Amino acid sequence: MNEPSKPSEPSTPTEPSPLRPSTFLIGGGWATPVVYEPFLRAAGGSAGAVPRIACVIVDEGEGDGERQFARYDAALRSAADCAPVPVLVPIGGRFDVEAVSDVDGLLVCGGLTPAYQDAFAGCLDRLPRLLAERRVPYAGFSAGAALAARSAVVGGWLLDGVAVCPEDTAEDLDEIAVREGLGLVSFAVDAHAAQWGTLPRLIAAVTRHRLSHGVALDENTLVEVAADGRAHVSGLGRAHSVRPAADGGVLVRSYGAGESFPTAGV
């Protein structure tokens, strides 16, 4: 079931709490450097220094990691004065949480989402604690956005053998898969919603796995989840909120730039 989008109050993101910085979720795409600006402002930089941004990329080899980093490096530098730092994790390898020890922000990039979940599987509890202790904001781009959830939608295109989204969005999986994520946000996340047609996958994940909330992001769209739990939308596209309905269906509402929505129960 779809409800028409209702305007919500334009809002300015609240200040992060002393205990936890905001979390930034980007739905993919490369056309809008402005979606990185709130994250880079939050990263700041000690004593006025240029902020150092760790860019975590699962490296599939043959120069892929270096090529991907060059794209993120250009996008970040076009948004603000910063110093991106490549953190390349070989496919099948594990992310070392000490990579956040001397940086001002952590950007977990895009690629094969199950490989990112594998790379972070050994630090799903420890990394969020370190980010909070060191006041390091987290940004997730596509796969990195999916990983930010406690219940991470990592791919798939079939529900009980029935196609619910295009096969080329499957992330090398068949049945829709939900795995443990970082728990930085309370809702499940999917990306490339309008461009790849992944909103039906998120709807299927919410219903099959009894998730309380999911958000599918269009490309070039940012959702900033502030410390108070409210989500603020900016960029070119929309964020599509999916919640279970009392009749066993779902309620879908879409929010555009300048709008916000609660991430807890309504």
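Structure first, text after, so check above.
Residues numbered from 1 in each chain as written. Predicted model: local features only at pLDDT ≥ 70, side-chain atom pairs only at ≥ 80, totals over all residues. Heavy atoms only, no water.

Draft legend 1. Spotlight on the pattern of salt bridges. Within the structure shown, the criterion is met by seven salt bridges. The residue D73 makes a salt bridge to R77 at a minimum N-O spacing of 2.9 Å. In this pair, D73 and R77 are both assigned in helix α2 (residues 64-79), four residues apart and thus about one turn of the helix distant. D73 gets classed as buried once you look at its relative accessible area, which sits at 18%. Measuring nitrogen to oxygen at the nearest pair gives 2.5 Å for the salt bridge that ties D160 to R208. In this pair, D160 is assigned in the loop between β7 (158-159) and β8 (162-163) and R208 in helix α7 (residues 199-208), connecting sequence segments 48 residues apart. Of the residues examined, R208 reaches a relative accessible area of 40% and is grouped as partly exposed. (Salt bridge = Lys/Arg side-chain N within 4 Å of Asp/Glu carboxyl O. Helix = DSSP H or I, 4+ residues; strand = E, 2+ residues; numbered from the N terminus. Buried < 20%, exposed > 50% of the residue type's maximum accessible area, 1.4 Å probe, protein only.)

Draft legend 2. The packing of aromatic side chains, seen in detail. Within the structure shown, the criterion is met by six aromatic pairs. Plain terms: the ring middles of Y72 and F141 are 5.2 Å apart, the flat faces sit at 90° to each other, and that makes the pair edge-to-face. Taken as a pair, Y72 in helix α2 and F141 in strand β5 (residues 138-141) lie far apart in primary sequence, 69 residues in all. A residue is classified by how much of its surface remains accessible, and Y72, at 1% relative accessible area, is buried. A relative accessible area of 4% places F141 in the buried class. Grouping aromatic residues by their ring pairs yields a cluster made of W30, Y72 and F141. (Phe/Tyr/Trp six-rings, centres within 6.5 Å; stacked < 30°, edge-to-face > 60°.)

Draft legend 3. Broad picture of empty space enclosed by the protein. Taken as a whole and judged by the stated rule, the model has one cavity of 30 Å³ or more. Estimates place the volume of the largest cavity at around 70 Å³. For the largest cavity, the lining is made up of 13 residues, of which T113, E171, D190, A191 and R201 are closest to its centre. Of all the secondary structure elements, the ones that give two or more residues to the lining of the largest cavity are α5 (143-147) and β6 (151-155). Of the residues that constitute the lining of the largest cavity, the class distribution is six nonpolar, four polar and three charged. (1 Å grid on protein atoms, 1.4 Å probe; cavity = no way out; pocket = protein on both sides within 12 Å on 5 of 7 lines; lining within 4 Å. Points joined across faces, edges and corners; volume = space filled by probe spheres on them. Nonpolar A, V, L, I, M, F, W, Y, C, P; charged D, E, K, R; others polar.)

Draft legend 4. Focus on the environment of P90. In this structure, P90 sits in strand β3 (residues 83-90). Under the relative-accessibility criterion, P90 is labelled exposed at 51%. Taking C-alpha positions, P90 is 25 Å from I176, a pair spaced 86 residues apart along the chain.

None of this, on its own, says anything about what the molecule does.
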